[in-house]
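Each chain, letter by letter, is given below.
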Amino acid sequence: MKNTSPYKNLIALTLCLVGIMGFSQSASLNEKVLFKTDIADDATPALLARIRQAKDHPISEIKFEKGTYHFYPDKAFERFTRISNHDDVMAKTALPLLGFKDLVIDGQGSTFIYHGRMIPFLIEGSENITVQNVTIDWAMPFHSEGTIVANDEKNNTFDIHFSDEYPYEIRNEQLIFLKEYYEHDLGQSILYNPIRNAIAFDTEAYTPITTIRNSKTQRNFDKIKYKYKVDPRSKVEKVRGKEDNLRVKEIKPGTVRIYNHRKKLPPVGMILVCKGDQSLNRLAPAFRITGTDGFNANNVTVNHAGGMGLIAENSSDLILDGFHVKPSHGRMVSTSADATHFVGCRGKVVLKNCTFNNQLDDATNVHGTYQEVVDILSENSIGVRMGHAQQQGFPIGTPNDTIGLVRLSDSFFAYDHLTLKAIENINGRYQIVTFNEKLPATLKVGDLIENLEGYPDLLVQNCNISRNRARGLLISNPKNTLIENNFFSTEMEAILVPVESSHWFESGNAANLVIRNNTFQDNQHSGFNRGVIRFVTDDDNDNIAFKNIEITNNTFNQFDNLILEISNVDGLLFEGNKITNSGTFPMLHPENPAIKVKASKNIVFKKNGYKGKAKPILEKDDSQPKLKFK
C-alpha cells in the first residue's frame, strides 16, 4: 500500500536542513552490517555514522553481535518532533530511519540500554522495516518506585522508602526524583502490590496522591478573557489557580514523610509508583513509527520506555509477533504509558503472541483523530483545531483520503464526506485543510472531521494482557476486529469500546468486532464502577454508535458483578460465555447486575452459563423491553 504521507515532505526538508542526505536510500539494498561489542560503551556514534552513509552505501541488514549495548544522547541525532499522544519533544536517537526501505535490524539476542530522553527507533516515511531479537531498556527509568513503610492516621502522614535506584532531593518541600538528563516530581501516582506484582486492589481509594490544591490567593482571574477556545489541560492553563498541596520531609536517608494527602493513607507494604506531571512525562517511546508502510517486530522485548512501547501514526501493515512489554530489575513498571498505540493506521495491525504487563496505561489503543472545524475559509477549505495538546501537528491523512464530516449531536457517523487535497500547518493547534470538492452547505463551525480510511483490520491473538494500569484494549475501529485466545487481568476495563470526543478527541466507533475464546480474570479491580467489557459514548444520547458485535465462548472469572455494559449498540450476540465469581477480592459494587443494556437494539443472549452473585443478572431500559438473559 503506497503511502504519500505529508511526513515524507517533512523528512526531505529535515535532511536538507541538517545536511545528512545519506539518510535516504536511493540505490539497491545489498550490504549487510555487523556491529560488534567493541562499541558497547556508547553505540550511538558508530550506529549513527553508518546510518548517515546509507545513500552512498545502502544497507539491507544491520546485525549486532550478541551483547549489551549502551546508547547516550550526547552524540545522537536530534530534531524537534511532535508525537501523537505524547509530549512534543526534541527527539534524540541513534537510529533515525527516515525514508528507509527494505531494512532488517537484528539484535541477535542483544540488550540495548538507553540513557536519558532518547527514542530508540525513530522510523518515518519508510517501507518494509523489520526489527527482531532485541531487548530495550533504560539504565534509569522515567518513573520512580518506593515502599510504604508507615502511615499515621492521627497526623495524616505516610512514609515512603526509596532504594538507591531512585535518587531524589527535597526542593522547596517538594520531592524531586533525579535521573540522567531528566527529573520528575511525584505527579501521577498509583499503588502496586509487590506480592501480586500488579496494581493494588482498590487503588482508587488511595491514589493518585493529591499533589495540588486550589491556590489560596487568587486575584482578578475574571479579568483574563480569551477570544478563542483554550485547552484547560495545556501546560499553561492547568497550573493556574493551583498550588502544591503536599509537604515532604526526609526523616532518615532514603525515607521521606508525606503530609496533607487527601485520600486514604496507602497501606504499609504497598509500592507507590509515580511518574511526574501529566503534561511532562511522555517523552521517550521505544518505537515511534510515522508515515510508514510495512513494519514487523519479531521477538522484541521492551522492559521500559518513558512513554509508550510503540506509537504508530498514519502507517499501514504493522505486524507485532512476540512483542513483549514487561519490567526488568525487579521494577513494578514496564512502560510509563501504553504498551502499544495506533493512530490513523490502515491496512493490517496484528498483535499476536505478545505480552503486555505492568505498563501504566492501556495494552493497545486503536483509533483515528477528530479535528474541530473552527473556520470556513473558502468554498473548499476549512481551518481546524487540534483538541488535545498531545495531538498538535497531527496530519489527519494523505491526499485523496476520504474525510468524514461529523456532527455528534445528530449521529456518531459521518453525515457527508470529501476527499483530502492538502494540509497546511499554521501552528501546532491550527491547520488549513483543503478538499478536492466544494464544501457542502450543511457544514458548520463546531463540526468535526475524521479520516474514514484511517482504520485497520485488527487482530489481537494469543496475548497476555495483565497487571497494568487502565484498560486492556481500547478499540475505536469501524473496520474489522478479531480478539481471540487472550488472557486479560487489568485494573480497569479489559476491553473498552468508546466514541471519545471531549478529552483526547480520538475518533472512530466500532463495527464488525468479534471477541471470542478469551479469559477475563478479575478485571476492574481498581475501584471504578464499570463493566469488564464496556461500550460507551461521550455524548449522552440514544443514537447508535456500534454495530455487528459478537462476544462468544469467553470465560469471565470475576470477583465483582458487572461484566458487560452495552450502550448505543445495534446488533450484539452474547453466546456461549461462562460467568463465575472468583472470590479473589471482596466485592466493591455488590448492588450491580451482571449486564446493563441501554439505548440499544438487536441484542441477543443465548446458551450462556451464569454462576455469579448478581441479582438481577440483567438490567435494561425500554429500548429492548422483552430482552432476557439466556
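Up top is the structure these notes are about.
These lines cover the structure that appears in this document, whether it is placed above or below. Predicted model, so just to flag it, every value in this text is computed and none were measured.

**Considerations on the overall build of the protein**
Move 1: Within the protein, the secondary structure is distributed over two helices and 54 strands.
Move 2: Since a compact globule built from 630 residues should have a radius of gyration of about 25 Å, the 25 Å found for the protein is in line with a globular shape.
Move 3: Taking all 630 residues of the protein together, 58% fall into the buried category.
Move 4: Put simply, of all contacts in the protein between residues at least 6 apart along the chain, 74% involve residues at least 24 apart.
Move 5: Roughly 24700 Å² of accessible area belongs to the protein as shown, and the carbon and sulfur atoms make up 48% of that amount.

**Some words on unusual backbone geometry**
Move 1: In this structure, proline 208 follows threonine 207 across a cis peptide bond, with omega equal to 5°.
Move 2: Along the polypeptide, proline 208 turns up in the loop between β16 (198–199) and β17 (212–214).
Move 3: With phi around 50°, glutamine 108 is a residue other than glycine that occupies positive phi space.
Move 4: The topology assignment puts glutamine 108 in strand β7 (residues 101–114).
Move 5: The phi dihedral of arginine 467 is positive, around 70°, even though this residue is not glycine.
Move 6: Take arginine 467: it is sitting in the loop between β37 (464–466) and β38 (473–475).

**Topic: the nonpolar core**
Generally speaking, nonpolar side chains in soluble globular proteins are found buried as a group.
Move 1: Grouped together as the largest cluster of nonpolar side chains are 114 residues, with contacts concentrated most on Phe287, Phe295, Phe323, Phe535 and Phe605.
Move 2: Considering every element that reaches this core, the biggest residue donor is strand β9 (residues 127–138), with five residues.
Move 3: Aside from chain neighbours lying at most four places away, what touches phenylalanine 535 is Val497, Leu513, Phe546, Ile549, Ile551, Leu564, Glu565, Ile566, Ser567, Val569 and Leu572.
Move 4: Membership of the second largest hydrophobic core comes to 22 residues, among which are Tyr168, Tyr206, Leu246 and Met270.

**Concerning helix α2 (residues 44–52)**
Move 1: Residues of α2 that are buried: Thr44, Leu47, Leu48, Arg50 and Ile51. Projected down its long axis, α2 shows its buried positions confined to an angular sector of 160°, all on one face.
Move 2: Buried-residue contacts for α2 involve β1 (32–35), β2 (61–64), β3 (68–71), β4 (77–81) and β6 (96–98).

**Some points on the sheet that holds strand β12 (residues 168–171)**
Hydrogen bonds between backbone groups are what pair the strands of a sheet, and the pairing can be parallel or antiparallel.
Move 1: Strand order across the open sheet formed by three strands is β12-β13-β14, with antiparallel pairing between neighbours. Of all strands in the sheet, those with a lone pairing partner are β12 and β14 (182–185), marking the two edges. Strand-to-strand twist of the sheet, defined as the mean angle between neighbouring strand axes without regard to direction, takes the value 30°.
Move 2: Bridge analysis of strand β13 (residues 174–179) against β14 gives four bridges, and the strand direction is antiparallel. Residue pairing for β14: isoleucine 176 is matched across the bridge by aspartate 185.

**Some points on the pattern of salt bridges**
Move 1: A full pass over the atoms with the stated rule returns 31 salt bridges.
Move 2: Across the pair aspartate 231 and arginine 429 runs a salt bridge whose closest N-O atoms are separated by 2.8 Å. You can see aspartate 231 sitting in the loop between β17 and β18 (242–244) and its partner arginine 429 sitting in the loop between β33 (416–425) and β34 (430–435), a full 198 residues away along the chain.
Move 3: In this structure, arginine 534 engages glutamate 493 in a salt bridge whose closest nitrogen and oxygen atoms are separated by 2.8 Å. Of the two residues, arginine 534 sits in strand β45 (residues 533–537) while glutamate 493 sits in the loop between β40 (487–489) and β41 (495–499), which places them 41 residues apart along the sequence. Pair check on accessibility: arginine 534 and glutamate 493 agree, each one buried.

**Section: the sheet that holds strand β21 (residues 271–274)**
Move 1: The sheet built from seven strands is open, its strands ordered β16-β15-β21-β10-β11-β20-β19 with antiparallel pairing. In the strand order of this sheet, the two ends are held by β16 and β19 (247–252), each with one partner.
Move 2: Inspection of the sheet shows strand β15 (residues 189–193) paired to β16 by two bridges, in the antiparallel sense. Among the inter-strand pairings, tyrosine 192 is bridged to a residue of β16, identified as isoleucine 199.

**Description of the pairing of β4**
Side-chain positions along a regular strand alternate between the two faces of the sheet.
Move 1: Residues Phe77, Arg79 and Thr81 line the buried face of β4, whereas the alternating positions Glu78 and Phe80 sit on a face that is not buried.
Move 2: Across five bridges, β4 lies against strand β5 (residues 89–93) in antiparallel orientation. Counterpart to arginine 79 in the pairing with β5 is alanine 91.

**Let's talk about the environment of lysine 238**
Move 1: Note that lysine 238 resides in the loop between β17 and β18.
Move 2: Taking the C-alpha atoms as reference points, lysine 238 and proline 593, separated by 355 residues in sequence, lie 38 Å from one another.
Move 3: Within the local environment of lysine 238, its side chain forms a polar contact with the side chain of aspartate 277, the two groups lying 2.7 Å apart.

**Considerations on the packing of aromatic side chains**
Move 1: Under the defined criterion, the tally for this structure stands at 24 aromatic pairs.
Move 2: Here the aromatic cluster, defined as three or more aromatic residues joined through ring pairs, consists of Phe35, Phe64, Tyr69, Phe71, Phe112, Tyr114, Trp138, Phe142 and Tyr182.
Move 3: Cation over ring: arginine 407 sits above tyrosine 415, and NZ or CZ is 4.8 Å from the ring centre.

**Quick look at the pairing of strand β31 (residues 381–386)**
Move 1: Most of β31 is tucked away: six of the six residues are buried.
Move 2: Neither face of β31 is left uncovered, since the one carrying Ser381, Gly383 and Arg385 and the one carrying Ile382, Val384 and Met386 both have all their residues buried.
Move 3: With six bridges connecting them, strand β30 (residues 371–378) and β31 associate as antiparallel partners. Note that in β31 the partner of serine 378 across the bridge is serine 381.
Move 4: In textbook terms, the turn of a hairpin is the stretch between consecutive antiparallel strands, and for β30 and β31 this stretch comprises two residues.

**A short note on the environment of asparagine 464**
Move 1: Examined against the element boundaries, asparagine 464 turns out to sit in strand β37.
Move 2: Along the backbone, asparagine 464 and phenylalanine 528 are 64 residues apart, and their C-alpha atoms lie at a distance of 22 Å.
Move 3: In this structure the side chain of asparagine 464 is engaged in a polar contact, spanning 3.0 Å, whose partner is the side chain of asparagine 357.

Parameters and conventions
Residues numbered from 1 in each chain as written. Predicted model: local features only at pLDDT ≥ 70, side-chain atom pairs only at ≥ 80, totals over all residues. Heavy atoms only, no water. Helix = DSSP H or I, 4+ residues; strand = E, 2+ residues; numbered from the N terminus. Rg over C-alpha atoms; globule rule 2.2 N^0.38 Å. Buried < 20%, exposed > 50% of the residue type's maximum accessible area, 1.4 Å probe, protein only. Contact = heavy atoms within 4.5 Å. Areas by Shrake-Rupley, 256 points an atom, 1.4 Å probe, with all protein chains shown as cover. Core = buried A, V, L, I, M, F, W, Y, C linked by side-chain atoms within 4.5 Å. Arc of directions from axis to C-beta. Pairing = 2+ DSSP bridges. Axes fitted to C-alpha atoms, helices over the stretch in contact; angles between N-to-C directions. Salt bridge = Lys/Arg side-chain N within 4 Å of Asp/Glu carboxyl O. Polar contact = N/O pair within 3.5 Å; in protein donor to acceptor, adjacent residues only side chain to side chain. Phe/Tyr/Trp six-rings, centres within 6.5 Å; stacked < 30°, edge-to-face > 60°. Lys NZ or Arg CZ within 6 Å of the ring centre and 35° of its normal.

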